[in-house]
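Secondary and tertiary structure notes
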Amino acid sequence: MSLCSHCVSGVRHEGTPEGQFTQVGGIESYIATPSVEYPKDKVVLFLTDVFGLKLQNNLLLADDYARNGFKVVVPDLFDGDALPEDALSTPGKVDLPTWLGKHGAERAVEISRKVLSALKAEGVTKVGAIGFCYGARPAFDLAFGNEVQAVAVSHPSLLQVPADLEKYASQSKAPLLINSCEVDGMFPKEAQEKADEILGGGKFAPGYERTYWEGCQHGFAVRGDMSDPKVKAGKEGAFKATVDFLIKNL
């Protein structure tokens, strides 16, 4: 399995993260908490792209979900070895195959399970996993075992199509949202159509939705160039679709 150049490209977004870093189940994590009353039995597990906690965009996006009434936990999926933020401007200097060889999805799932175990011990009973790029892989794996109650992925990477879609349809009970886009080597038009064929039209009883954003490329939901009107519409649209999906299914 591999990643593409768009997996390590994009634009850094400006802002000041408002959450806190802490250990959850022994895993360094960023926690974004709503400023208003929120259900303590529900958590959004934010599974990041390859930049993890080192990319401010991920933290700011977690804060945005928290503003919509969800406590958000963003675990470090890479044992402190996420790609540095400056790789956005020099993606060609990143040896992706070597890095990915050190950070397989199996470890990301193991880390996620440690966090889930700790959250359950605190009384959390419903978890919505949102996965971006690399993070879609562990989100699917957790859904296969019904360890989370809803899944929303944006520009997913590392999925085997159609095998993972068929496995999701046969094993998972978690409603699924896929935010897709026009230019995506990791989840191209053929994969998008296959997802609709396998899961759409009411075939997947728990619920399936897919959005499609014209003029956007892989990474748009996290690292998109907000000066581009179509990318801005895609990023904001995927965010709203995910919020609405979580409100409905979590």
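Residues numbered from 1 in each chain as written. Predicted model: local features only at pLDDT ≥ 70, side-chain atom pairs only at ≥ 80, totals over all residues. Heavy atoms only, no water.

1. Thoughts on the overall build of the chain
From N to C terminus, the chain includes eight helices and eight strands. Computed over the C-alpha atoms, the radius of gyration of the chain is 16 Å, within 12% of the 18 Å expected from 2.2 N^0.38 for a compact globule of 250 residues. A burial count over the chain gives 54% of its 250 residues as buried. Entry remark: accessible area of the chain is about 10,400 Å², with carbon and sulfur atoms responsible for 50%. (Helix = DSSP H or I, 4+ residues; strand = E, 2+ residues; numbered from the N terminus. Rg over C-alpha atoms; globule rule 2.2 N^0.38 Å. Buried < 20%, exposed > 50% of the residue type's maximum accessible area, 1.4 Å probe, protein only. Areas by Shrake-Rupley, 256 points an atom, 1.4 Å probe, with all protein chains shown as cover.)

2. Quick look at the pairing of strand 3 (residues 42-47)
Along strand 3, five of the six residues are buried, which leaves the element largely enclosed by surrounding structure. Judged from the six bridges that link them, strand 3 and strand 5 (residues 126-132) form a sheet pairing that is parallel. Its bridge partner lying in strand 5, V44 is registered against G128. In this structure, strand 3 lies alongside strand 4 (residues 72-75), joined through two bridges in parallel fashion. Among the inter-strand pairings, L45 is bridged to a residue of strand 4, identified as V73. After leaving strand 3, the chain enters helix 1 (residues 56-66) and then returns to the sheet as strand 4, a path that is right-handed. (Pairing = 2+ DSSP bridges. Right-handed = clockwise from strand over helix to strand, strands pointing away.)

3. Comments concerning the sheet that holds strand 4
The eight strands lie next to each other as 1-2-4-3-5-6-7-8, forming an open sheet whose pairing is mixed. Taken across any chain shown, the strands that pair with only one partner, and hence form the sheet edges, are strand 1 (20-24) and strand 8 (208-217). For this sheet the average axis-to-axis angle between neighbouring strands, irrespective of direction, equals 25°. Its contacts with the sheet place helix 1 against strand 1, strand 2 (27-32), strand 3, strand 4 and strand 5, and it is angled at close to 50° to strand 2. (Axes fitted to C-alpha atoms, helices over the stretch in contact; angles between N-to-C directions. Contact = heavy atoms within 4.5 Å.)

4. Some details on helix 1
For helix 1, a buried count of ten out of eleven residues is recorded, marking the element as mostly surrounded by other parts of the structure. Every buried residue of helix 1 is listed here: Q56, N57, N58, L59, L60, L61, A62, D63, Y65 and A66.

5. Let's talk about the layout of surface pockets
Size it by volume and the largest pocket reaches roughly 180 Å³. As for the largest pocket, its lining consists of E18, G19, Q20, T22, I31, A32, T33, P34, S35, D63, A66 and R67. Those elements that place two or more of their residues in the lining of the largest pocket are strand 1, strand 2 and helix 1. Of the residues belonging to the lining of the largest pocket, the class tally is four nonpolar, five polar and three charged. (1 Å grid on protein atoms, 1.4 Å probe; cavity = no way out; pocket = protein on both sides within 12 Å on 5 of 7 lines; lining within 4 Å. Points joined across faces, edges and corners; volume = space filled by probe spheres on them. Nonpolar A, V, L, I, M, F, W, Y, C, P; charged D, E, K, R; others polar.)

6. Observations regarding the nonpolar core
Taken as a class, soluble globular proteins show a tendency for nonpolar side chains to be buried jointly. Core analysis: the biggest nonpolar cluster contains 84 residues, and Y65, V72, V151 and Y168 have the highest contact counts within it. Setting aside residues no more than four positions away along its own chain, Y65 makes contact with F70, V72, I130, F132, F239, T242, V243 and L246. (Core = buried A, V, L, I, M, F, W, Y, C linked by side-chain atoms within 4.5 Å.)

7. Considerations on the pattern of salt bridges
Inspection of every chain in the model, using the stated rule, returns 15 salt bridges. Here K240 ties to D244 by a salt bridge, and the two come within 2.8 Å at their closest N and O atoms. Taken together, the residues K240 and D244, both in helix 8 (residues 229-249) and four residues apart, mark about one turn of the helix. Classification of D244 by relative accessible area gives partly exposed; the value is 37%. Residues participating in the shared-partner salt-bridge network are E18, D64 and R67. (Salt bridge = Lys/Arg side-chain N within 4 Å of Asp/Glu carboxyl O.)

8. Considerations on the packing of helix 5 (residues 163-171) against helix 6 (residues 189-199)
At a minimum axis separation of 10 Å, helix 5 and helix 6 run at an interaxial angle of 25°. In terms of their interaxial angle, helix 5 and helix 6 are classed as roughly parallel. Seen along the crossing, helix 5 lies across helix 6 with a hand that is right-handed. Contact with helix 5, carried on its side by L165, E166 and A169, involves A191, K194, A195, I198 and L199 of helix 6 and no other residues of that element. In the contact of helix 5 with helix 6, the residues fall into six nonpolar, no polar and two charged. (Parallel < 35°, antiparallel > 145°, perpendicular 65-115°, else oblique. Left-handed = near helix turned anticlockwise from the far one by under 90°.)

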